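Tertiary structure, described
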Amino acid sequence: DSGVTQTPKHLITATGQRVTLRCSPRSGDLSVYWYQQSLDQGLQFLIQYYNGEERAKGNILERFSAQQFPDLHSELNLSSLELGDSALYFCASSLTATNEKLFFGSGTQLSVL
Amino acid sequence: GESVGLHLPTLSVQEGDNSIINCAYSNSASDYFIWYKQESGKGPQFIIDIRSNMDKRQGQRVTVLLNKTVKHLSLQIAATQPGDSAVYFCAERAAGNKLTFGGGTRVLVKP
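Let me begin by describing the structure that accompanies this report. (Residues numbered from 1 in each chain as written. Chains lettered and ligands numbered in written order. Predicted model: local features only at pLDDT ≥ 70, side-chain atom pairs only at ≥ 80, totals over all residues. Heavy atoms only, no water.)

1. Things to note about the overall build of chain B
We apply this condition: Only DSSP runs of H or I with at least four residues qualify as helices, and only runs of E with at least two residues qualify as strands; both kinds are numbered from the N terminus onward. When we talk radius of gyration, it's over C-alpha atoms, and the globule rule is simply 2.2 Å times the number of residues to the 0.38. Working definition: with a 1.4 Å probe on protein chains only, accessible area under 20% of the residue-type maximum means buried, over 50% means exposed, and in between means partly exposed. Here, two residues are considered to be in contact whenever any of their heavy atoms come within 4.5 Å of each other. Here the Shrake-Rupley method, with its probe set to 1.4 Å, supplies the accessible areas, and only the displayed protein chains count as covering residues. A positive count includes Lys and Arg, and a negative count includes Asp and Glu. His and the chain ends are not counted in either. By convention, the point assigned to a charge is CZ for Arg, NZ for Lys, CD for Glu and CG for Asp.
Summing up its helical and strand segments, chain B has 0 helices and 10 strands in all. Over its C-alpha atoms chain B spans a radius of gyration of 13 Å, differing by no more than 12% from the 13 Å that the globule rule assigns to 111 residues. Judged by the C-alpha coordinates and their principal axes, chain B covers about 40 × 25 × 20 Å. Across the 111 residues of chain B, 42% fall into the buried class. Put simply, of all contacts in chain B between residues at least 6 apart along the chain, 53% involve residues at least 24 apart. Of the roughly 5,500 Å² of accessible surface on chain B, 47% is carried by carbon and sulfur atoms. The positive charge centre, built from 12 side chains, and the negative charge centre, built from 9, are 2 Å apart in chain B.

Right, here's the structure in full:
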């Protein structure tokens with residue numbers, strides 16, 4: 001167990017809908033990262049937050065947004081969902097903002113039908 | 001894909017043998033590398049990391065080797081066990097401090 005908690009584990013929804021994925025980092029970790037994993041794209045970095053502030057952005061679509069709350073948990077919001085958004089979404093956390101020793105949660109499997 | 005050029009081969013290994021998983025990277029400015037193991041249905045699990053000022057680092061049954069001259073990273077697993085069957089990813093930290101992951105290598109351990 002990595003100590004990173006993600007909910008829900010599975011999510012099935014329809015095109016055009018909006019969903020929210022939730023992540024609680026390991027105790028003491030200040031950075032939260034979101035990654036998307038699909039069969040053809042591998043692990044793709046979406047966005048990073050550090051102590052409540054956006055730190056870095058990767059290949060995140062404009063339809064997607066995230067935030068990190070004062071208690072350090074994070075949410076990833078995906079809107080106007082398309083079939084191609086179906087993927088595994090992972091949250092990771094680390095102690096610092098420097099992208100070292102990320103610990104991953106078990107992911108949310110999103111299926112857009 | 002981006003700079004970490006790990007193809008997606010499958011490595012079949014006899015139980016008890018040593019495994020070597022290779023990873024090529026293209027960004028000579030990368031200063032930190034990390035290996036993850038991902039089992040089916042689970043998230044990536046940290047194995048070992050290494051900074052660019054080191055050539056070798058050892059953990060429990062694992063060794064990471066870094067050859068900056070040819071931009072090559074490898075993970076060696078000693079006495080491979082059935083529980084080592086998984087997909088292994090390398091990642092590099094380059095510009096902007098972002099981690100870039102390779103495509104993964106599947107390791108199958110034969111009993």
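2. Re the packing of aromatic side chains
Selection rule: Here is the rule: rings of Phe, Tyr and Trp (six-membered ring for Trp) pair when centre to centre is within 6.5 Å. Planes less than 30 degrees apart are stacked, more than 60 are edge-to-face, and the remainder are tilted. Criterion for a charge above a ring: Arg CZ or Lys NZ at most 6 Å from the ring centre, at most 35 degrees from the ring normal.
Evaluation of the coordinates by the stated rule reveals 11 aromatic pairs over all chains. Ring geometry for A:F104 and B:F101: centres 6.1 Å apart, planes at 80°, overall edge-to-face. Of the two residues, A:F104 sits in strand 10 (residues 103-104) while B:F101 sits in strand 9 (residues 99-101), which places them in two different chains. Over the ring of A:F103 we find A:R26, and its NZ or CZ is 3.9 Å from the ring centre.

3. So, the side chain of A:Q36
Residues and elements named next belong to chain A. For clarity, the cut-off: Nitrogen and oxygen atoms within 3.5 Å of one another constitute a polar contact, given that in protein one can donate a hydrogen and the other can accept it, and given that sequence-neighbouring residues count only through two side-chain atoms.
With respect to the helices and strands, the residue Q36 is situated in strand 4 (residues 31-38). At 2.8 Å, the side chain of Q36 forms a polar contact with the side chain of Y89. Leaving out residues up to four positions away in the same chain, Q36 has contacts with G42, L43, Q44, L46, F64, D85, A87, L88 and Y89.

4. What to know about unusual backbone geometry
Following A:T7, the chain continues into A:P8 via a peptide bond in cis, with omega recorded as -10°. Note on placement: A:P8 falls in the loop between strand 1 (5-7) and strand 2 (10-13). Positive phi values are uncommon outside glycine, yet A:N51 reaches one of about 50°. Checked against the element boundaries, A:N51 lands in the loop between strand 5 (42-50) and strand 6 (53-57). Of note in the backbone geometry, B:K71 takes a positive phi value of approximately 50° without being a glycine.

5. Brief notes about the sheet that holds strand 6 (residues 62-67) of chain B
Residue and element names in this part refer to chain B. What counts here: The criterion for strand pairing is that DSSP finds at least two bridges linking the strands in question. For helices, the axis comes from a line fit to the C-alpha atoms of the stretch in contact; other axes are also lines fit to C-alpha atoms, and the angle between any two N-to-C directions lies between 0 and 180 degrees.
Strand order in the open sheet made by the 4 strands is 2-7-6-5, with antiparallel pairing throughout. Strands at the two margins of the open sheet, each flanked by one partner only, are strand 2 (19-24) and strand 5 (56-58). Averaged over all pairs of adjacent strands, the angle between strand axes in this sheet comes to 15°, irrespective of strand direction. Here strand 6 pairs with strand 7 (residues 72-77) via 6 bridges, running antiparallel. Within the sheet, the bridge partner assigned to T63 lies in strand 7 and is Q76.

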